[in-house]
Amino acid sequence: MTFYFQGLSDPSSSLGYGFFILGFWVLSLIVLVLLVVRSKILVNNVWDKIGIILATPIPVLVIIGTGLAITDQVDSERYTYKDGYQYKILEYSDRSTSLRTRTEIYKSEMKVAESSTNYNINWLRDSTWAYYSNSGDTIKIEKYVNDKRIE
């Protein structure tokens, strides 16, 4: 929890915490392998082997890899201004085919000056969202105005 709250207070430190966690995983894996090789930890049956695997970061990496494989990736994120509002445009694509799957457009809840450096903007769905098939055909279109679906 300490790393989480430190990362919130200083976002630039989160990379260092990531390296710390990676180093901890590598060190603990080396210690685990040494303990198994020197017979300090006995592996006699299938349950012992399952326990050894669960004591490593392998399950976490498998879960993360699976999640990344089945989710869309953001191809493009850009910001524009119109009538005093800031707009965020996100374009997603399928990770396996790299074809665009959807486009989302958000509008800032309140008017924002172009020179503003405010990063705490509440975003509202305010546009036509299009969803695409693997072949690039339009599957579904949803229209939003001020975060309410109208169609």
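So, here's what we can say about the structure. (Residues numbered from 1 in each chain as written. Predicted model: local features only at pLDDT ≥ 70, side-chain atom pairs only at ≥ 80, totals over all residues. Heavy atoms only, no water.)

1. A short note on the overall build of the chain
The secondary structure content of the chain amounts to four helices and seven strands. Overall, the chain shows an N-to-C arrangement of helices and strands of α-α-α-α-β-β-β-β-β-β-β. Relative to its 151 residues, the chain shows a buried fraction of 23%. Contacts spanning at least 24 positions in sequence make up 25% of the contacts within the chain whose residues lie at least 6 apart. Entry remark: accessible area of the chain is about 11200 Å², with carbon and sulfur atoms responsible for 60%. (Helix = DSSP H or I, 4+ residues; strand = E, 2+ residues; numbered from the N terminus. Buried < 20%, exposed > 50% of the residue type's maximum accessible area, 1.4 Å probe, protein only. Contact = heavy atoms within 4.5 Å. Areas by Shrake-Rupley, 256 points an atom, 1.4 Å probe, with all protein chains shown as cover.)

2. Describing the packing of aromatic side chains
Within the structure shown, the criterion is met by three aromatic pairs. When the ring of Tyr-106 is compared with that of Trp-129, the centres are 5.4 Å apart and the planes differ by 70 degrees; the resulting orientation is edge-to-face. Note that Tyr-106 is positioned in strand 3 (residues 100–108) and Trp-129 in strand 5 (residues 128–132), a separation of 23 residues in sequence. Across the pair, exposure class does not vary: Tyr-106 and Trp-129 are buried alike. For the pair Trp-129 and Tyr-144, a centre-to-centre distance of 5.1 Å together with 55 degrees between the ring planes defines the contact as tilted. Here the residue Trp-129 occupies a position in strand 5, and Tyr-144 occupies one in strand 6 (residues 138–145), the gap between them amounting to 15 residues. (Phe/Tyr/Trp six-rings, centres within 6.5 Å; stacked < 30°, edge-to-face > 60°.)

3. Some words on unusual backbone geometry
Even without glycine at this site, Asn-146 takes up a positive phi of about 50 degrees. Among the secondary structure elements, Asn-146 is positioned in the loop between strand 6 and strand 7 (148–149). In this model, Asp-147 sits at a positive phi of 75 degrees, which is unusual for a non-glycine residue. Position of Asp-147 relative to the elements: it lies in the loop between strand 6 and strand 7.

4. What to know about the nonpolar core
Proteins that are soluble and globular tend to have nonpolar side chains buried together. If you look at the biggest cluster of nonpolar residues, it comprises six residues: Leu-90, Tyr-92, Tyr-106, Trp-129, Tyr-131 and Tyr-144. Elements that contribute at least two residues to this core include exactly strand 2 (85–94) and strand 5. Setting aside its immediate chain neighbours within four residues, Tyr-144 contacts Arg-125, Asp-126, Ser-127, Trp-129, Arg-149 and Ile-150. (Core = buried A, V, L, I, M, F, W, Y, C linked by side-chain atoms within 4.5 Å.)

5. Some points on the pattern of salt bridges
All told, the structure shown has five salt bridges when counted by the stated rule. Arg-102 is paired through a salt bridge with Glu-104; the nearest N and O atoms lie 2.6 Å apart. The residues Arg-102 and Glu-104 share a single accessibility class, namely buried. Among the salt bridges present, the one from Glu-142 reaches Lys-140, with a minimum N-O distance of 3.3 Å. A relative accessible area of 6% places Glu-142 in the buried class. By relative accessible area, Lys-140 is classed as partly exposed at 37%. (Salt bridge = Lys/Arg side-chain N within 4 Å of Asp/Glu carboxyl O.)

6. So, the pairing of strand 6
Here strand 5 pairs with strand 6 via five bridges, running antiparallel. Considered in strand 6, the bridge of Tyr-131 is made with Lys-140. Counting the residues that bridge the hairpin from strand 5 to strand 6 gives five residues, and of these Gly-136 lies at a positive phi of roughly 95 degrees. (Pairing = 2+ DSSP bridges.)

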